2 protein chains.
Amino acid sequence: MSDENINGECVTVSLGDRSYDILIGRGLMADAGAEIAKRLPGAKATVITDETVAQNYLAPLTESLQKVGIEIDPLVLKPGEKTKSYENMEAACDHILKCKLERGDAVIALGGGVIGDLTGFAAGIVRRGMKFIQIPTSLLAQVDSSVGGKTGINTSAGKNLVGVFHQPQLVLVDTDTLDTLSPREMRAGYAEVAKYGLIDRPDFFDWLEKNWQGIFDGGPERIHAIATSCRAKADVVAADEFEHGSRALLNLGHTFGHALEAATNYDSKRLVHGEGVSIGMVLAHQFSARMNLCSPDDGARVAKHLKAVGLPISINDIDGDLPSTDILMEHIAQDKKVSRGELTFILTKGVGKSFVANNVPANEVWRFIEESRNA
Amino acid sequence: MSDENINGECVTVSLGDRSYDILIGRGLMADAGAEIAKRLPGAKATVITDETVAQNYLAPLTESLQKVGIEIDPLVLKPGEKTKSYENMEAACDHILKCKLERGDAVIALGGGVIGDLTGFAAGIVRRGMKFIQIPTSLLAQVDSSVGGKTGINTSAGKNLVGVFHQPQLVLVDTDTLDTLSPREMRAGYAEVAKYGLIDRPDFFDWLEKNWQGIFDGGPERIHAIATSCRAKADVVAADEFEHGSRALLNLGHTFGHALEAATNYDSKRLVHGEGVSIGMVLAHQFSARMNLCSPDDGARVAKHLKAVGLPISINDIDGDLPSTDILMEHIAQDKKVSRGELTFILTKGVGKSFVANNVPANEVWRFIEESRNA
């Protein structure tokens, strides 16, 4: 498949001897076995997935693998953010070992961000690193979590605080899998698509404002938006694989978002990751305006678009009680985008002009959150 | 401290931007704080250790850290191989997070190989990689496990099957800590010292045959032997950090050894790692002779020296019942030095002439073990 193929796109993540392809197209699940065998000839494999995804896609994936002679014994976990736990990390590692896979064999993640992050972590630590294949089935996983090698689990101290960098050998994005996604999950993933426009692709954000409905409806806009998002992420990752600097841009909206997720105990009934990011991106623009970095109009524009899509855009959009602003600040400080006790945020000079801001004064953030909640 | 310093030596592990020093000398614990602060100015820290080591060395280390303004809240675990578990990995990660350490802060391992492997693993996965300092207090840890970045835990499927490569910023070897080591642990560590001679330093093995008593007695031979061992390991690691090939040489004696450890349920009353390696090295030489790769005299020479030191040299030296040879072979096959179902062993053409042998026939190994047990 080439970049020119009208039915699909290929985005390469350029990381020297850790480079890999992201294949994006309709119906690609049927090609999974052949694409894996092409990259890892002779390898055995296992699949880790969740109950919801397994219902729709484990059978076609198994069939595709069988066609190239790969028999799998899958591990099917419960769906939901709570699956990213120490307990399931242990279950995933023990499963891979039970399958007697060796370093050159493949661990395949079939599912959304939770399954990808957990499976990638297990693949990164069993035998100190196995081969790893991502088959993301949610929009969020397709445009964000499956690309770039970040893996991990949550702990009581916060999200993704334990994990490794472990790049996959292949990311296979079958855009048809989005047809079975709930509208809410689709919207949540869309927050990450919009993020790439807001970071440094203002033209893409313009395009999204006009064309977002086609992404949801499964038109050709869908593949274009996913490929553009993957390309945007691949560029950032290639420039700073291990997050020493500019990769932090990908966290636009995430420091606020993670704090809100922690504050709702990762209860997906109340808030899912992409919704936290949506609120967080609006807050990042509003806070940037408060710090005189951009115009209040930018925040209003971002809020308007995300609201049109159906995403929450303010802390007060979250159902139920939230802890005090002091507690939210503790979650923000514990977030891993912290350096030597100073708060680091991704702030912006306008749509598509985000930057890494160190030394953000904690008291300003506290007052801003407090005022947002009382607005 | 320079290579020429009569009271100590410095060995550099050359790994590009992951290079680090191994400082080896008497009484270095008192310098720990200053050496850490020199390399990680302004960093906070925590210490992970075990109850036995804490009794002797936690107070002097704490004092040394306080002198440079570093206050620590240590985590003190139970001693023994069983500490390298998922459960303690979780405890170590949660402890580091509880201490609110950031990516640039230091996780210090104070103890033997178990503490170093577990702590290094936790340091490698919290926030996807913290700074890491090794202060090995056993001979085994000083000459082997603290150098080279391999970290991990044991699972029911075998030893060290879950872990990461995570290089320390500094290894600080205070050779005085060996004065409180039990004679048995000292001998077990010595097996790894002898290993470097057997891999590719025949002159060092000659020297050890003549000078081993001085290492045990704490003479100047001790620092020389530790520095030579670290240099030998550093050379191998620098050539193949991620064990794609020649690093496997360091596993001389380890495939047999790990299988014997598994067969005794990691019960340190029956067998500790270095004892398994001692038996394994003798078996590797005897098996090599059986395969007509070296002379039976080589195996006899190795056995004679290790026996003189007081190490076990045969499977029958292990107290209590052992499982069948079939079960031992299963442990050997599950050992991670396996590639695509073929057995990989480190074999030898003589003392100091080891090599990586792929495609070793499993049935030959089975017969050899069976005959060894009935010898």
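Residues numbered from 1 in each chain as written. Chains lettered and ligands numbered in written order. Predicted model: local features only at pLDDT ≥ 70, side-chain atom pairs only at ≥ 80, totals over all residues. Heavy atoms only, no water.

1. Considerations on the packing of helix H6 (residues 183-200) of chain A against helix H8 (residues 220-239) of chain A
Residues and elements named next belong to chain A.
No. 1: Packing of H6 against H8 leaves a shortest axis separation of 9 Å and a crossing angle of 55°. Taken as axis vectors, H6 and H8 run oblique relative to one another. Here H6 and H8 pass one another in a crossing that is left-handed. The residues of H8 that touch H6, namely those facing Met 186, Val 193 and Tyr 196, are Arg 222, Ala 225, Ser 229, Ala 232 and Lys 233.
No. 2: For the contact of H6 with H8, the residue count by class is five nonpolar, one polar and two charged. (Axes fitted to C-alpha atoms, helices over the stretch in contact; angles between N-to-C directions. Helix = DSSP H or I, 4+ residues; strand = E, 2+ residues; numbered from the N terminus. Parallel < 35°, antiparallel > 145°, perpendicular 65-115°, else oblique. Left-handed = near helix turned anticlockwise from the far one by under 90°. Contact = heavy atoms within 4.5 Å. Nonpolar A, V, L, I, M, F, W, Y, C, P; charged D, E, K, R; others polar.)

2. A word on the sheet that holds strand E3 (residues 45-50) of chain A
All names here are of chain A.
No. 1: The seven strands lie next to each other as E1-E2-E9-E6-E5-E3-E4, forming an open sheet whose pairing is mixed. The outermost strands of the open sheet, each flanked by one partner alone, are strand E1 (8-13) and strand E4 (75-77). Here the strands of the sheet are splayed against their neighbours by 15° on average, with no regard to which way each runs.
No. 2: As judged from the two bridges shared by strand E6 (residues 131-136) and strand E9 (residues 170-174), these two strands associate in the parallel manner. Looking across to E9, one finds that Ile 133 is bridged to Leu 170.
No. 3: Where helix H4 (residues 113-125) meets the sheet, its contacts fall on E3, E4, strand E5 (106-111) and E6, and the angle it forms with E5 comes to roughly 165°. (Pairing = 2+ DSSP bridges.)

3. Some thoughts on the side chain of B:Asp174
Residue and element names in this part refer to chain B.
No. 1: Note on placement: Asp 174 falls in strand E9 (residues 170-174).
No. 2: In terms of polar contacts, Asp 174 uses its side chain to reach the backbone amide nitrogen of Gly 27, at 2.9 Å.
No. 3: In this structure the side chain of Asp 174 is engaged in a polar contact, spanning 2.9 Å, whose partner is the backbone nitrogen of Asp 176.
No. 4: When residues no more than four places from it in sequence are discounted, the contact partners of Asp 174 are Gly 25, Arg 26, Gly 27, Leu 28, Met 29 and Gln 142. (Polar contact = N/O pair within 3.5 Å; in protein donor to acceptor, adjacent residues only side chain to side chain.)

4. Brief notes about the state of the cysteines
Residues and elements named next belong to chain A.
No. 1: Applying the stated rule across the entire model yields zero disulfides over all chains.
No. 2: The thiol of Cys 10 is unpaired, and the distance to the nearest cysteine sulfur, on Cys 230, comes to 10 Å.
No. 3: The exposure class of Cys 10 is buried, given its relative accessible area of 15%. (Disulfide = S-S within 2.5 Å. Buried < 20%, exposed > 50% of the residue type's maximum accessible area, 1.4 Å probe, protein only.)

5. Observations concerning empty space enclosed by the protein
Residues and elements named next belong to chain B.
No. 1: Counted under the stated rule, the structure contains five cavities of 30 Å³ or more.
No. 2: Reported here for the second largest cavity is a volume of approximately 50 Å³.
No. 3: Phe 256, Ala 259, Leu 260, Leu 283, Ile 315, Leu 328, Ile 332 and Ile 369 together form the lining of the second largest cavity.
No. 4: Those elements that place two or more of their residues in the lining of the second largest cavity are helix H9 (254-263) and helix H12 (325-334).
No. 5: Across the lining of the second largest cavity, the residue classes break down as eight nonpolar, no polar and no charged. (1 Å grid on protein atoms, 1.4 Å probe; cavity = no way out; pocket = protein on both sides within 12 Å on 5 of 7 lines; lining within 4 Å. Points joined across faces, edges and corners; volume = space filled by probe spheres on them.)

6. Quick notes on the packing of aromatic side chains
No. 1: What the rule picks out here adds up to 16 aromatic pairs over all chains.
No. 2: Judged by centre distance (5.2 Å) and plane angle (85°), the rings of A:Phe165 and A:Phe242 are edge-to-face. Residue A:Phe165 is located in the loop between strand E8 (158-162) and E9, and its partner A:Phe242 is located in the loop between H8 and helix H9 (254-263); the two are separated by 77 residues in the primary sequence.
No. 3: Judged by its relative accessible area of 17%, A:Phe165 falls in the buried class.
No. 4: Here the aromatic rings of B:Phe287 and B:Phe345 are separated by 6.3 Å at their centres, their planes lie at 40°, and the arrangement is tilted. In this pair, B:Phe287 sits in helix H10 (residues 273-290) while B:Phe345 sits in strand E11 (residues 342-348), placing the two residues 58 residues apart along the sequence.
No. 5: Since its relative accessible area comes to 0%, B:Phe287 is described here as buried. (Phe/Tyr/Trp six-rings, centres within 6.5 Å; stacked < 30°, edge-to-face > 60°.)

7. A closer look at the relation of the copies chain B and chain A
No. 1: When chain B is fitted to chain A, the best match, at an RMSD of 0.0 Å, comes from turning it 180° and sliding it 0.0 Å along the axis. Taken together, the rotation and translation describe the operation of a two-fold axis. (Least-squares fit on C-alpha atoms with pLDDT ≥ 70 in both.)

8. Some points on a negative patch on the surface
No. 1: A cluster of acidic residues, A:Glu87, A:Glu90, B:Glu87 and B:Glu90, forms a negative patch at the surface.
No. 2: Those elements that place two or more of their residues in the negative patch are helix H3 (86-98) of chain A together with helix H3 (86-98) of chain B.
No. 3: Tracing the backbone through its elements, the reader meets B:Glu87 in helix H3.
No. 4: For B:Glu87, a relative accessible area of 63% corresponds to the exposed category. (Patch = residues over 30% accessible without salt bridge, like charges linked within 9 Å, V, L, I, M, F, W, Y side chains within 5 Å. Areas by Shrake-Rupley, 256 points an atom, 1.4 Å probe, with all protein chains shown as cover. Salt bridge = Lys/Arg side-chain N within 4 Å of Asp/Glu carboxyl O. Lys, Arg positive; Asp, Glu negative; His and termini not counted. Charge placed at Lys NZ, Arg CZ, Asp CG, Glu CD.)

9. Thoughts on the domain arrangement of chain A
Residue and element names in this part refer to chain A.
No. 1: Its domain assignment divides chain A into domain 1 (2-181) and domain 2 (186-373).
No. 2: For domain 1 versus domain 2, the separation of C-alpha centres amounts to 25 Å.
No. 3: Contacts between domain 1 and domain 2 engage 37 residues on the former and 34 residues on the latter.
No. 4: The contact between domain 1 and domain 2 buries some 3000 Å² in all, and 62% of this surface belongs to carbon and sulfur atoms.
No. 5: When the buried surface of domain 1 facing domain 2 is broken down by residue, Leu 139, Val 143 and Lys 159 rank first, second and third, together holding 20% of it.
No. 6: Where domain 1 meets domain 2, there are six salt bridges.
No. 7: Here Arg 222 and Asp 179 are joined by a salt bridge, their closest N and O atoms 3.0 Å apart.
No. 8: Put simply, domain 1 and domain 2 have twelve residue pairs in polar contact (both at pLDDT 80 or more) between them.
No. 9: If you list the elements that add at least two residues to the side of domain 1 that touches domain 2, you get E1, strand E2 (20-25), helix H5 (139-145) and E8.
No. 10: For the side of domain 1 that touches domain 2, the leading source of residues is H5, giving six residues.
No. 11: Looking at the side of domain 1 that touches domain 2 residue by residue, the classes come out as 16 nonpolar, eleven polar and ten charged. (Domains from an automatic or database assignment. Buried area = accessible area lost by both parts, 1.4 Å probe.)

10. So, the interface of chain B and chain A
Much of the literature gives interface size as the accessible area that the parts lose upon coming together.
No. 1: Taken together, the contact between chain B and chain A spans 39 residues of the former and 39 residues of the latter.
No. 2: With both sides pooled, the region where chain B packs onto chain A buries about 3200 Å², and carbon together with sulfur makes up 46% of that total.
No. 3: Our count for the contact surface shared by chain B and chain A stands at two salt bridges.
No. 4: Inspection of the chain B/chain A interface yields ten residue pairs in polar contact (both at pLDDT 80 or more).

11. Brief notes about the pairing of E8(A)
Residue and element names in this part refer to chain A.
No. 1: Burial analysis of E8 places five of its five residues in the buried class, which makes it a mostly covered element.
No. 2: The sheet contact formed by strand E7 (residues 153-155) and E8 spans two bridges and is antiparallel. Following the sheet pairing, Thr 155 is matched in E8 by Gly 158.
No. 3: Hairpin connection from E7 to E8: two residues lie between these consecutive antiparallel strands.

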